[in-house]
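# Examining the three-dimensional arrangement
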Amino acid sequence: MAKDSKTQERVSPYSDEDLEYFRGIITKKLEDSTEEIDNLQRSLRESMENASDESAYSFHMADAGTDAQEREKNYVLLNRTRKFVKYLDDALKRIDNKTYGVCKVTGNKIAKGRLEAVPHTQLSIDAKLKRR
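This part covers the overall build of the chain. A tally of helices and strands in the chain yields five helices and zero strands. Each helix (α) and strand (β) of the chain, taken in turn from the N terminus, gives the series α-α-α-α-α. Among the 132 residues that make up the chain, the fraction classed as buried is 27%. Once local pairs closer than 6 in sequence are excluded, the contacts in the chain between residues at least 24 apart make up 70%. About 9,500 Å² of surface is accessible on the chain, with carbon and sulfur atoms providing 50% of the total.

Turning to unusual backbone geometry, a few remarks are in order. Look at lysine 98: it is not a glycine, yet its phi comes out positive at around 60°. Structurally, lysine 98 is set in the loop between helix H3 (61–96) and helix H4 (112–117).

Chain-level pLDDT for the chain is 85 on average; 80% of the residues reach the 70-or-more range. In the model of the chain, helix H1 (residues 2–9) stands out as the element of lowest mean pLDDT, 44, in contrast to H4, which has the highest, 96. Scored below 50 in pLDDT, residues 1–9 makes zero contacts in the model with residues more than four places away or belonging to other chains.

A few words now on the nonpolar core. Judged by nonpolar contacts, the single largest core of 21 residues is most densely connected at Phe22, Ile26, Leu30, Ile95, Tyr100 and Leu115. Non-local contacts of isoleucine 95, meaning those with residues more than four positions away in its chain, are made with Leu19, Phe22, Arg23, Ile26 and Tyr100.

A few words now on the packing of aromatic side chains. Two aromatic rings, taken as a pair, are described by how far apart their centres are and by the angle between their planes. What the rule picks out here adds up to three aromatic pairs. Aromatic pair phenylalanine 22 and tyrosine 100: ring centres 5.2 Å apart, planes at 50°, arrangement tilted. You can see phenylalanine 22 sitting in helix H2 (residues 16–52) and its partner tyrosine 100 sitting in the loop between H3 and H4, a full 78 residues away along the chain. Note on accessibility: phenylalanine 22 and tyrosine 100 belong to one class, buried. Through a chain of ring-to-ring contacts, the aromatic side chains of Tyr14, Tyr21, Phe22 and Tyr100 assemble into a single cluster. When the ring centre of tyrosine 21 is taken as origin, the NZ or CZ atom of lysine 112, which lies over that ring, is 5.0 Å away.

Rules used in this analysis
- Residues numbered from 1 in each chain as written.
- Predicted model: local features only at pLDDT ≥ 70, side-chain atom pairs only at ≥ 80, totals over all residues.
- Heavy atoms only, no water.
- Helix = DSSP H or I, 4+ residues; strand = E, 2+ residues; numbered from the N terminus.
- Buried < 20%, exposed > 50% of the residue type's maximum accessible area, 1.4 Å probe, protein only.
- Contact = heavy atoms within 4.5 Å.
- Areas by Shrake-Rupley, 256 points an atom, 1.4 Å probe, with all protein chains shown as cover.
- pLDDT = per-residue confidence, 0-100.
- Core = buried A, V, L, I, M, F, W, Y, C linked by side-chain atoms within 4.5 Å.
- Phe/Tyr/Trp six-rings, centres within 6.5 Å; stacked < 30°, edge-to-face > 60°.
- Lys NZ or Arg CZ within 6 Å of the ring centre and 35° of its normal.

Take a look at the structure:
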C-alpha cells in the first residue's frame, strides 16, 4: 500500500496533452543527440585512422598535438552527449509513469517554461538556485 500512496503523491501536475507536448520536445532532442553521437563517433574513427595512417606526409609535433587535443575534445563531447541521452530517456520514463514535471526536492510543479528549456530537469528553479 505504501507504494500506491507514494505514486499518488508524485503524480504529474501536467495533463496527458501536456505530457505528449513534452514527449515531442524530448523526442526531438533525442533524435538530434543521436545524430550528434553518430557524427562524433565517425569523427573519432576517422581521426584514429588518420593518426595510424603511414602517409608520405610528415607531421609536425604541433599538428599531432592538435589532433590529439581534437580527439580528446570529441571524446568529452561524446560522453557528455551520451549522458544527456540517458537523462532524456529517464524523462520519457517519467512521462510514461506520469511523474514528469514534479521537482524531486520540493515536490512542487516544475514550471512549463523551465521544462521547455530543460526538458530533462527534475528540479524546479527554486530548488536549482538553492543547490548553488
